[in-house]
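Spelled out, the chains give:
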Amino acid sequence: RSHPLFANIALSLVSEIANRRLFSTVRERKQLTYDANFSLTGFERLLGGWFLVTVTASKEKAQQALDACKETLHALRKTNPITPDNLESAKRVVLNRHEGELRTTGYWAMMMSGLQQESIPLKGPLSVTDFNAVVESITSRDLQLTLECMGMEENELYTAIGKTVQPEGVESSEDDIVKASPMMGRRGGALMMKNSSSKTSPLNKLGGWVVPPSKSQ
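Residues numbered from 1 in each chain as written. Predicted model: local features only at pLDDT ≥ 70, side-chain atom pairs only at ≥ 80, totals over all residues. Heavy atoms only, no water.

### Digging into the packing of helix α1 (residues 6-29) against helix α2 (residues 62-77)
- Two elements in contact, α1 and α2, have axes whose closest approach is 10 Å; the angle formed by their N-to-C orientations is 135°. When the interaxial angle is binned, α1 and α2 end up oblique. With respect to the hand of their crossing, α1 and α2 are arranged in right-handed fashion. For the pair formed by α1 and α2, the contact residues are Ile-17, Ala-18, Arg-21, Leu-22, Thr-25, Val-26 and Arg-29 on the first element and Ala-68, Cys-69, Glu-71, Thr-72 and Leu-76 on the second.
- Across the contact of α1 with α2, the residue classes tally to seven nonpolar, two polar and three charged. (Axes fitted to C-alpha atoms, helices over the stretch in contact; angles between N-to-C directions. Helix = DSSP H or I, 4+ residues; strand = E, 2+ residues; numbered from the N terminus. Parallel < 35°, antiparallel > 145°, perpendicular 65-115°, else oblique. Left-handed = near helix turned anticlockwise from the far one by under 90°. Contact = heavy atoms within 4.5 Å. Nonpolar A, V, L, I, M, F, W, Y, C, P; charged D, E, K, R; others polar.)

Given below as structure tokens:
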């Protein structure tokens, strides 16, 4: 946990597992949406960040979908914690994604940027050389402690339900409407947000702050 790459890897694994849980609960079990996405925003120079959960649902199911997302995050922390199987699946995805992106110059440029800057103390050569080792060393207990630093209590969350509407004076014909193709269930990777909302499709947002865990935990 004292490794400078620990927090980055732990949050990547948490994000992967949260995406799978949201997909399984909100879409497959409760059938409230076609897509539920969990994303994290962090910074290299600031100790902290935030997470965001977005769901596209019909206006009749918008509140139910929002409640289901909160229920899923609560279960992840308390009643249905991360299992060893969840962890191993997430590790495979994170490592495979890393190995694949190593073939691109853009990824290398991102990793190498700022390595020698004193203003980014947690970013150094170990961020490149120890990536796989840190991923393999993470335990379920590490991720549960990470979840406790993510501000997921009811009074710490910010929620919103928004509805997309067609601007006044703008008319659309049937030819302008792009119909989505049938979606198949996907496993093994983080879900990407598809902005395919219509005039009556609210976009639910659920977010909170991420506070870095103490090294002594």
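### A word on helix α3 (residues 84-101)
- End to end, α3 covers 26 Å across 18 residues, agreeing with the expected 26 Å (1.5 Å per residue, within 8%).
- Of the positions making up α3, those classed as buried are Leu-87, Ser-89, Ala-90, Lys-91, Val-93, Val-94, Leu-95 and His-98.
- Each element contacted by the buried residues of α3 is listed here: α1, α4 (105-112), α6 (131-137) and α7 (140-147). (Expected span 1.5 Å × (residues − 1). Buried < 20%, exposed > 50% of the residue type's maximum accessible area, 1.4 Å probe, protein only.)

### Quick word on the side chain of Ser-15
- Along the chain, the position of Ser-15 falls in helix α1.
- By relative accessible area, Ser-15 is classed as buried at 13%.
- When near neighbours in sequence (up to four residues on either side) are disregarded, Ser-15 contacts Phe-38 and Leu-40.

### So, the nonpolar core
- By size, the foremost hydrophobic cluster in this structure holds 38 residues, and its most contacted members are Ile-9, Leu-13, Phe-38, Phe-51, Val-53, Phe-131 and Leu-143.
- Breaking this core down by element, the ones donating at least two residues are α1, β1 (35-42), β2 (49-56), α2, α3, α4, α6 and α7.
- In terms of residue count, α1 provides more of this core than any other element does, nine residues in total.
- With near-sequence residues (within four places) excluded, Ile-9 lies in contact with Phe-131, Val-134, Val-135 and Ile-138. (Core = buried A, V, L, I, M, F, W, Y, C linked by side-chain atoms within 4.5 Å.)

### Let's talk about the confidence of the model for the protein
- In the predicted model, the protein carries a mean pLDDT of 78, and 76% of its residues have values of at least 70.
- Ranking the elements of the protein by mean pLDDT puts strand β4 (residues 202-210) last with 57 and α3 first with 94.
- In the model, residues 177-201 has pLDDT below 50 throughout and makes 47 contacts with residues more than four positions away in sequence or in other chains.
- Taken as a whole, residues 212-217 scores under 50 in pLDDT and shows seven contacts with residues more than four places along the chain or in a different chain. (pLDDT = per-residue confidence, 0-100.)

### Digging into the packing of α1 against α3
- Taken N-terminus to C-terminus, the directions of α1 and α3 make an angle of 115°; their axes are 9 Å apart at the nearest point. Crossing handedness for the pair α1 and α3: right-handed. In contact with Ser-12, Leu-13, Glu-16, Ile-17, Arg-20 and Arg-21 of α1, α3 contributes Asn-86, Leu-87, Ser-89, Ala-90, Lys-91, Val-93, Val-94 and Arg-97.
- Of the residues assigned to the contact of α1 with α3, the class counts are six nonpolar, three polar and five charged.

### Considering unusual backbone geometry
- Of note in this structure, Gln-31 is not a glycine but carries a positive phi near 50°.
- With respect to the helices, strands and loops of the structure, Gln-31 is situated in the loop between α1 and β1.
- Assessed through its relative accessible area of 56%, Gln-31 is described here as exposed.

### With respect to the environment of Lys-59
- Secondary-structure assignment places Lys-59 in the loop between β2 and α2.
- Overall, the relative accessible area of 47% leaves Lys-59 in the partly exposed class.
- As for Lys-59 and Ile-161, which are separated by 102 residues in sequence, their C-alpha atoms are 9.3 Å apart.

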